[in-house]
Structures are given as structure tokens and as C-alpha cells.
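Spelled out from the first residue to the last, the chains are:
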Amino acid sequence: MTERTATTGTLSTAGPVLVIGSGLLGTSAGLALSIGGVPVHLQDTSPSARALARDLGAGALLDDGGLETRAPQLVVVAVPPDVTSDVVAQALRDHPDAVVTDVASVKAVILAELTAKVDAGGLTAADLARYVGSHPMAGRERSGAAAADADLFSSRPWVVVPHAGSAPGAVARVRALAIDLGSVPLQMGAQEHDDAVALVSHVPQVLSSLVAARLVEADDGALALAGQGLRDVTRIAASDPRLWAAILVGNAGPVRDQLRLVSEDLATLVHALDAAAQQGPLTPGAMAAASDTVRRGNAGVSRVPGKHGGARRSYAEVTVLVPDSEGQLGRLFATVGDLGVNIEDVTMEHATQHRVGMTTLSVVPEAADRLTEGLDARGWRVVQA
Ligand SMILES: NC(=O)c1ccc[n+]([C@@H]2O[C@H](COP(=O)([O-])OP(=O)(O)OC[C@H]3O[C@@H](n4cnc5c(N)ncnc54)[C@H](O)[C@@H]3O)[C@@H](O)[C@H]2O)c1
Ligand SMILES: O=C(O)C(=O)C[C@]1(C(=O)O)C=C[C@@H](O)C=C1
């Protein structure tokens, strides 16, 4: 977690802000707002979750007394998607002067549930005008306050999802929150959002989980060969099953549609590999189908935006063998800094049998030779590509 001290009055969000749900997202938002000098109140059905968020510096608790007495101006609901509409509706009723947003990963189902509450008389249309859904495209595979980070939202897209009746002032306040937390706000309708995240977030989660699930009964011998490819594909397979079950069923139609397309592609490849397995690798069509799978993936991955949401830039990679002991990685980074080179990205692969890590530094191509020579001259073992 990032250690930063509070600064007063640097954000445009007016407090107090009430954060309901003090897990990963709520605590991260509470930390960033508190550091920016905005008073934050925390609520959570779990006493231990809210106490942990308070102890980490994300805000104050009702249980402790001494809360800022002014009513909240903004409520941020950061609870699982399946309970979000109930919590949003209660917040709209309890805090009649506040704008209410939620950060759930699905949007259309929550808006439909809130609209149904208006139709049933449990909420007024004027209440609903103060609600603007949102979704920061930032997170990680761990849940709870302990994984929170004040910089979680930094440079990430934050989708602001107004509905037809949202008050313009409410939309502006949610956009301001996104900017205050370091994000880049984008505006979309609920269904447009859900279709987009099915493709870029929900299906990747399913496929990562399915690949990792194949490992459950794998031999230890096979697992000992695991390299960076497997680690890259399975990082998000460690995500919370309860949260993701609610996300997947909450966006069932768009996720099903994307998975059907993936499953058609998979069936084509399986068919070609079946022919190669039975009739030999050079059986007509097999190479074409295999290469097409990877080639279409190349075309897709080249469209994934790079760092800070900009166009993906090609970096040169310099791989260095780093002894797996205290301070070695810090020493490597310090040497790279002394050489005047900026590290754009870094990945580590641990050799399973030796106490050494392969550290791959991504740098701008112009710096690669200087870095390689400089590290070599200072005794680092640079692995030639
Ligand atoms: N995890 C991610 O990467 C990520 C990213 C973007 C958005 N989101 C969305 O943010 C929301 C929160 O996710 P998270 O990862 O912080 O989950 P989390 O499990 O870390 O935290 C959720 C918190 O909500 C509390 N809670 C549950 N029901 C409640 C209720 N009725 N009232 C008050 N508190 C309640 C839980 O006790 C828990 O502390 C979800 O809707 C999720 O879809 C998650
Ligand atoms: O980086 C991760 O670990 C995430 O899963 C983050 C991620 C994503 O898919 O980008 C996951 C779900 C959220 O709704 C938003 C962000």
C-alpha cells in the first residue's frame, strides 16, 4: 500500500463523503479522498472490515463517535453487485441531499432494479435523479481493505454511467470524483458499458479461471515447468468467486454472447488439431488453423491500449538474472536509475530450481543498448535475447 500524508483542500469533491462497503474499492477510494483532505465516513456490514479500513486511514466510523456532523454530500457504494441496488436505494432515502454513485462492475441490471423500485413506489423519481452509476476500470485479484491502495485508480478509465433522469449536477460530481481519484472519466450508457466490459474484463476472467482450473489435477512434474506464460494468463484466476459469480450473472447476456464466439473459435481449432493428431502434423488445413489462431491474437493484442491509456508503444526488453536475496532488486533498479534509464514496465520470472529471478525490464528502444552495456560493465548478468 502507498504511504502518503494528508493534504487539505486539493480536491474538488466536497465532503463529507460516505463510503458504503469498505473492501478493496471502498477503502482505496477512502484513502485517496482522506489523503486529499476530504472527510470520509465509512460503513460496512462487517465490523472487522470497517475497523480495518479505519485503521488504514481510509476514514472515520460511526461506532467511534466524533464524526463530522454535516450530512454527506456524496455517497460511494462499493458493495458486491447483487446487493448494490438495495444499498443505493437506502442511501438515496437516508441522505436526501447527497449524490449517490456505485462502483459495481455491472450497470444495466442495477439501473433496472432501481427503476423497478421507483415503479413499485419504494423510491421517487426525484431520488433517482441523484443517482449516477459508475465503474472504475481499476482493481486487482484480491478483495478486502488489506489489498487497498490510494493509487489504485491512478490513470485508469472511470466509466460514468448516467441514466435518462440523472441530474446534470449529479453527473458533474461523479466525474469530479473520478478526476480527484486520478482517473480519466468516460461517459457511456449502461448497456453500452456492459457490452464493453463483457469483452475486455468479464470474458478474460472466465478464460483465466478455466485455464487455471485445468491445473487442479495436474502432475507436480508438469507444474514445475510453469513459466511466465502461465503466470500471465492466470493472475486473475485468484479472484474472489463470490464477487465474480455476481458479476457474471449480473452481465449474463453479453458474457454469454462473447463466450459463444470464443467457443466457435475454439471448436475450429480443436477440429484442426484433431485432424493433425490423427493424420499427422502436415495434414491439410492444420497449420493454417493453428497459425490463424495466433495471428488473430497478435492483431487483437496490438489494439490493447498501453500505459496511461495511450497508444501501445513497443518497448525493448532487457532481461537480467537477479539473485533471489535481500536488496538485489533494489540494487538493480538503483543501477538502472544511475544509468539515466526509465523503467517503463517490469516482469519477474522465478526459476523453479535455482535461487535466481529473471527480471525483464521494458525500456524505450533508444535506451536498450546503453542499458545493456551499462549493466554488463557493472557486473550484472544480462541475458542475450
Ligand atoms: N475487485 C475489483 O477489481 C473491482 C474493480 C472495479 C469495481 N469493482 C466493484 O466494486 C464493488 C466492491 O468490490 P470489492 O472488490 O471492493 O469487494 P470487497 O469484497 O473487497 O468489498 C466489499 C465490501 O462490501 C461489504 N458489504 C457487503 N454487503 C454490504 C452491505 N449490504 N452493506 C454494506 N457493506 C456491505 C463487505 O463486507 C465488504 O467489506 C463490487 O461491486 C465490484 O463489482 C471491483
Ligand atoms: O486487474 C485486475 O485484477 C482486474 O481484474 C481489474 C478489473 C479488470 O478487468 O480490468 C476487474 C474487474 C473490475 O470490474 C474492473 C477492473
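Let us look at the structure shown here. All values reported here derive from a predicted model rather than from experimental measurement. (Residues numbered from 1 in each chain as written. Chains lettered and ligands numbered in written order. Predicted model: local features only at pLDDT ≥ 70, side-chain atom pairs only at ≥ 80, totals over all residues. Heavy atoms only, no water.)

### A look at unusual backbone geometry
Next, step 1: The linkage connecting Gly15 with the following residue, Pro16, adopts the cis geometry, with an omega of -5 degrees.
Next, step 2: Within the fold, Pro16 resides in the segment before strand 1 (17–20).
Next, step 3: One non-glycine residue with positive phi stands out, namely Ser155, at about 65 degrees.
Next, step 4: The exposure class of Ser155 is partly exposed, given its relative accessible area of 28%. (Helix = DSSP H or I, 4+ residues; strand = E, 2+ residues; numbered from the N terminus. Buried < 20%, exposed > 50% of the residue type's maximum accessible area, 1.4 Å probe, protein only.)

### Quick word on the site of ligand 1
Next, step 1: In the vicinity of ligand 1 there are 27 residues, among which Leu25, Asp44, Val79, Ser105 and Gly144 approach most closely.
Next, step 2: Contact distances for ligand 1 include 3.1 Å between an oxygen atom and a backbone N or O atom of Arg140.
Next, step 3: Elements supplying a minimum of two residues to the shell around ligand 1: helix 1 (24–35), helix 3 (81–94), strand 6 (133–136) and helix 10 (241–250).
Next, step 4: For the shell around ligand 1, the leading source of residues is helix 3, giving three residues.
Next, step 5: Classifying every residue of the shell around ligand 1 by side-chain character gives 16 nonpolar, nine polar and two charged. (Near = heavy atom within 4 Å. Polar contact = N/O pair within 3.5 Å; in protein donor to acceptor, adjacent residues only side chain to side chain. Nonpolar A, V, L, I, M, F, W, Y, C, P; charged D, E, K, R; others polar.)

### Examining the nonpolar core
Next, step 1: Among the nonpolar cores identified, the biggest contains 36 residues, and Phe153, Trp158 and Leu181 are the most heavily contacted of them.
Next, step 2: At the level of secondary structure, the elements contributing two or more residues to this core comprise strand 1, helix 1, strand 2 (40–43), strand 4 (74–77), strand 7 (157–161) and helix 6 (168–180).
Next, step 3: With seven residues, helix 1 is the single largest residue contributor to this core. (Core = buried A, V, L, I, M, F, W, Y, C linked by side-chain atoms within 4.5 Å.)

### Points about the side chain of Ser85
Next, step 1: Inspection of the secondary structure puts Ser85 in helix 3.
Next, step 2: Accessibility expressed as a relative area gives 3% for Ser85, which makes it buried.
Next, step 3: Engagement of the side chain of Ser85 in a polar contact is seen with the side chain of Glu113, the distance being 2.6 Å.
Next, step 4: Non-local contacts of Ser85, meaning those with residues more than four positions away in its chain, are made with Ile110, Glu113, Leu114 and Lys117. (Contact = heavy atoms within 4.5 Å.)

### Some details on the pattern of salt bridges
Next, step 1: Across all of its chains, the model carries nine salt bridges by this definition.
Next, step 2: As a salt-bridge pair, Arg54 and Asp64 come within 2.9 Å of each other at their nearest N and O atoms. Note that Arg54 is positioned in helix 2 (residues 47–55) and Asp64 in the loop between strand 3 (60–61) and strand 4, a separation of 10 residues in sequence.
Next, step 3: Judged by its relative accessible area of 28%, Arg54 falls in the partly exposed class.
Next, step 4: As a salt-bridge pair, Arg296 and Asp265 come within 3.6 Å of each other at their nearest N and O atoms. (Salt bridge = Lys/Arg side-chain N within 4 Å of Asp/Glu carboxyl O.)

### Topic: the environment of Asp240
Next, step 1: With respect to the secondary-structure elements, Asp240 resides in the loop between helix 9 (228–234) and helix 10.
Next, step 2: Owing to a relative accessible area of 30%, Asp240 belongs among the partly exposed residues under this scheme.
Next, step 3: Expressed as a C-alpha distance, the spacing of Asp240 and Thr45, which sit 195 residues apart in the sequence, is 18 Å.
Next, step 4: Discounting chain neighbours no more than four positions away, the residues touching Asp240 are Glu141 and Ser143.

### Considerations on empty space enclosed by the protein
A probe as big as a water molecule, rolled over the atoms, marks out the empty space that is left.
Next, step 1: If you walk through the whole model with that rule in mind, you get two cavities of 30 Å³ or more.
Next, step 2: There is about 50 Å³ of room inside the largest cavity.
Next, step 3: Considering the residues around the largest cavity, the lining is formed by Lys107, Leu111, Tyr131, Gly133, Val161, Pro162, His163 and Ala190.
Next, step 4: There is about 30 Å³ of room inside the second largest cavity.
Next, step 5: Along the walls of the second largest cavity sit Leu25, Gly26, Ala29, Val76, Ala78, Val103, Pro136, Phe153 and Trp158, which together make up its complete lining.
Next, step 6: With three residues, the single largest contributor to the lining of the second largest cavity is helix 1.
Next, step 7: Looking at side-chain class alone, the lining of the second largest cavity contains eight nonpolar, one polar and no charged residues. (1 Å grid on protein atoms, 1.4 Å probe; cavity = no way out; pocket = protein on both sides within 12 Å on 5 of 7 lines; lining within 4 Å. Points joined across faces, edges and corners; volume = space filled by probe spheres on them.)

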